[in-house]
Protein chains: 2
Amino acid sequence: MIGVDENMVVELISVGTEILLGNIVNTNAAYLAEQCAGLGLSCYYQDVVGDNEERLCETIRTALSRADILLLSGGLGPTQDDLTKEAAAKVMGKNLVIHEESKAALQAFFEKRGLEMTDNNWKQAMMPEGCIVLDNPNGTAPGVIMAENGKHVVLMPGPPNELIPMFESSVAPYLAGLQDSVIYSQTVKICGVGESKAETMVQDLIDAQTNPTIATYAKTGEVHLRVTARAEDEKAAKKLVKPVVKELKGRFGSHVYTTDDEVTLEKAVADLLLANKLSLVTAESCTGGMLAARMVNVPGVSDVFKGGFVTYSNKAKRRLLGIKKSLLAKYGAVSKETAREMAKGAAFVSKGDVTVGITGIAGPDGGTEEKPVGLVYIACSVLGNVTVKEYHFSGGRAKVRESTVSAALALMRECILQYYSEVTFGKQEK
Amino acid sequence: MIGVDENMVVELISVGTEILLGNIVNTNAAYLAEQCAGLGLSCYYQDVVGDNEERLCETIRTALSRADILLLSGGLGPTQDDLTKEAAAKVMGKNLVIHEESKAALQAFFEKRGLEMTDNNWKQAMMPEGCIVLDNPNGTAPGVIMAENGKHVVLMPGPPNELIPMFESSVAPYLAGLQDSVIYSQTVKICGVGESKAETMVQDLIDAQTNPTIATYAKTGEVHLRVTARAEDEKAAKKLVKPVVKELKGRFGSHVYTTDDEVTLEKAVADLLLANKLSLVTAESCTGGMLAARMVNVPGVSDVFKGGFVTYSNKAKRRLLGIKKSLLAKYGAVSKETAREMAKGAAFVSKGDVTVGITGIAGPDGGTEEKPVGLVYIACSVLGNVTVKEYHFSGGRAKVRESTVSAALALMRECILQYYSEVTFGKQEK
């Protein structure tokens, strides 16, 4: 393809004994990997290595032999254990020299906080000769970029609250500048369609793809389809992405809840409620507040989210939602009827426009042949019109509950859209 | 040390393009790393590689050259992309042969679920000759152990809900059996003490340690101190661990909520409620149901957890908990007074013995100079005795909310213990 270069190859190296000990989860690698994918870089390896000079040098050497760009994180601090800069400079054949600006910045950092500066902190002002020094407004260790013979070695601090701002402000623009072409991607997010069905529905597009490409990302209860194009400039890349996004929207119809990277499923539901001036009330049993908690992920949701009930026990279902003892006795707490009454009870007690009732068996105990672990009923009432659905989820207690919450969000969305389409077309009967 | 061998070396290899793309966070590696540390294995490298045979083989070869044990996860599924078993068998010089038991188990798995079995699924019944096949009750791909010339290659499925049970039931005992000496560890879990304070409090023990060792793991709102000893048998190892655990219990006093690996903070709180025949009701604003959801993590919690209110909006605080408009106007929704009234309101409305009120500013918006993002008030009422505490949490919206939930659990525990110690010693005044 004219004007489109091959992907550059990046390798991620996370440095730190605390990762090797399982002390912390390596979220930096996931963050950097996603960012690199978005920048059109190919990543074939991620490595984790401890604070040991020999092993660190070996890892850097191996990575240099198979990648164009190395992104290292961690090990830039002031202690003797922090060896990343020393090791990288050694492998790249660079001496460390005092960097006056970093020295001054360090002094200012300590003075501002009224802290005494210990001798080992000066180590952080020593930089490989000829490197680019990256500002770290959130910590004491600056970042470093060394470039030579078409290889780029980037050193970033380990704490995510230092690494992420540094990557965004300094590293991402540097990496984008290395490439002749521009990458643009857009994500089509769908709910209410299973992963394998979604994949089948786009398999022909994936098989035929060259530029743009389509990648499917399965999330709990959702599928994200990322369309990525490479072109000489952003305008041209966007032009390539547009018809594919349109095609995907056509295939998945109302299951597409957004094409905006920033919009989550709960945000889409909150926006839908807001647009229709509907208030929401939740009534949860097996999820025990997880649906409410997910709605509260959305900043400012108090405009639509009136409140929620957690009615895990039968007593709570009766007391808080007014569900009759006889109904619970006849159908059981996990039943279509109880879910329906929970939604109706929440609507009655709270005057919410949209109410949701959730009841199910999350396990590990409580399952029977007739009502196995994973059986969940979700009821959604939209201005008095109640829909109840039965679900069978697999996995452990946590997984069943997560899947339930996503299904509830999808059902709420579906019921609201359905209600208004029926109202619009005069088919509203109930 | 007599009878104690050098640590065996383990290397973790996570296989999957979804990790390289940053699609998922590599929690398996953190889990396995922590488990391996607990088993007394040394880990110097973790690798991530995609579903590519050549690169996978190269990674396995390199790992074999520097470790005794390889733990691979992912890439055992039925699709053509799943290559881990094929690559590992190739490097180990083993042919794949049909494994009749796995074939029968696969058939049963599909029949039970009424699913059609596609041809590619048979791939999962092909096993390297002479290997140990590990049962996978939670999925279709069995695990594999190949051992030769002192090298041990373990293959496990990628989904955590399959990997973790398999590791616990099959892999951990196998790895323990490889070592001449026995490793025994016990975790002292503490809450209500900050990470750096906890570390300072045990620094002298850590500095002086040889066998057993003490490792600190910071969790949100908790610190876990793991004491690990190596000895010729379990009895001897336990004997080494015991006095250190006792010392830690003495230093942290009532902040120690358990020394049982299986007991979570929410479980400890649920047990404390149950032991004192106390019912719990929650009233949450900024956490929006997360505390309730965490209590419902505990199977069978309905014996003590009566129910919960999610009152994110002021309206809900007034309607559901009966908080006066004038109080909200005077002190604001995020105030000591509102938290107190939430706990008292929940107790009044629901007749719960222990009630918790949570209100705070989780961000990103809503903060002011006077009431910044991260400011949280938690009130806990135990049979009418209300304690309110002010907290300042850092991090983003999600982090602030998580920290709040852990702090609420710690506060509940503290208040219940306090109440009964005062009752016991006749100091109950209120």
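See the structure above.
Just so we're clear, the structure is a prediction, and the values are computed from it rather than from any experiment.

(A) Expanded view of the interface of chain A and chain B. Taken together, the contacts link 54 residues of chain A with 53 residues of chain B. Of all the elements in the fold, those that place two or more residues in the side of chain A that touches chain B are α2 (27-38), β2 (42-49), α10 (290-295), β14 (305-310), α11 (314-321) and α14 (397-424) of chain A. Classifying every residue of the side of chain A that touches chain B gives 28 nonpolar, 18 polar and eight charged. Strand direction decides the pairing type here: β2(A) and strand β2 (residues 42-49) of chain B, joined by five bridges, are antiparallel. The residue bridging A:Tyr45 from the neighbouring strand is B:Val49, located in β2(B).

(B) Quick look at the sheet that holds strand β12 (residues 256-258) of chain A. Residues and elements named next belong to chain A. Taken together, four strands build an open sheet; the order of strands is β10-β11-β9-β12 and the sheet is antiparallel. Edge positions in the sheet fall to β10 (213-219) and β12, since each has one partner strand and no second. Pairs of neighbouring strands in the sheet enclose a mean axial angle of 35°, with direction left out of account. Two elements, strand β9 (residues 182-191) and strand β11 (residues 222-231), share 10 bridges in a ladder whose sense is antiparallel. If you follow Lys-189 over to β11, its bridge partner there is His-224.

(C) Fine view of α2(A). Taking 1.5 Å per residue, 12 residues should reach 16 Å; α2(A) reaches 17 Å between its end C-alpha atoms and fits that length. Regarding α2(A), the residues found buried are A:Asn28, A:Ala29, A:Ala30, A:Leu32, A:Ala33, A:Cys36 and A:Ala37. Of the surrounding secondary structure, the elements contacted by the buried residues of α2(A) are β1 (9-15), β2, β3 (69-73) and α6 (160-178) of chain A together with α1 (17-20) of chain B. With its phi angle positive at about 80°, A:Gly40 sits one or two positions after the end of α2(A).

(D) Quick peek at the sheet that holds strand β17 (residues 385-392) of chain B. An order of β17(A)-β16(A)-β15(A)-β13(A)-β14(A)-β14(B)-β13(B)-β15(B)-β16(B)-β17(B) is seen for the 10 strands of this open sheet, with the pairing classed as mixed. Looking at which strands have only one partner, the edges of the open sheet turn out to be β17 (385-392) of chain A together with β17 of chain B. Strand-to-strand twist across the sheet, computed as the mean angle between neighbouring axes with direction ignored, equals 10°. Here strand β13 (residues 280-284) of chain A runs beside strand β15 (residues 354-360) of chain A; their pairing, made up of five bridges, is parallel. Residue pairing in the sheet places A:Thr282 in a bridge with A:Val356 of β15(A).

Criteria and cut-off values
Residues numbered from 1 in each chain as written. Chains lettered and ligands numbered in written order. Predicted model: local features only at pLDDT ≥ 70, side-chain atom pairs only at ≥ 80, totals over all residues. Contact = placed C-beta atoms within 7 Å. Helix = DSSP H or I, 4+ residues; strand = E, 2+ residues; numbered from the N terminus. Nonpolar A, V, L, I, M, F, W, Y, C, P; charged D, E, K, R; others polar. Pairing = 2+ DSSP bridges. Axes fitted to C-alpha atoms, helices over the stretch in contact; angles between N-to-C directions. Expected span 1.5 Å × (residues − 1). Buried ≥ 20, exposed ≤ 12 C-beta atoms within 10 Å, placed from the backbone.

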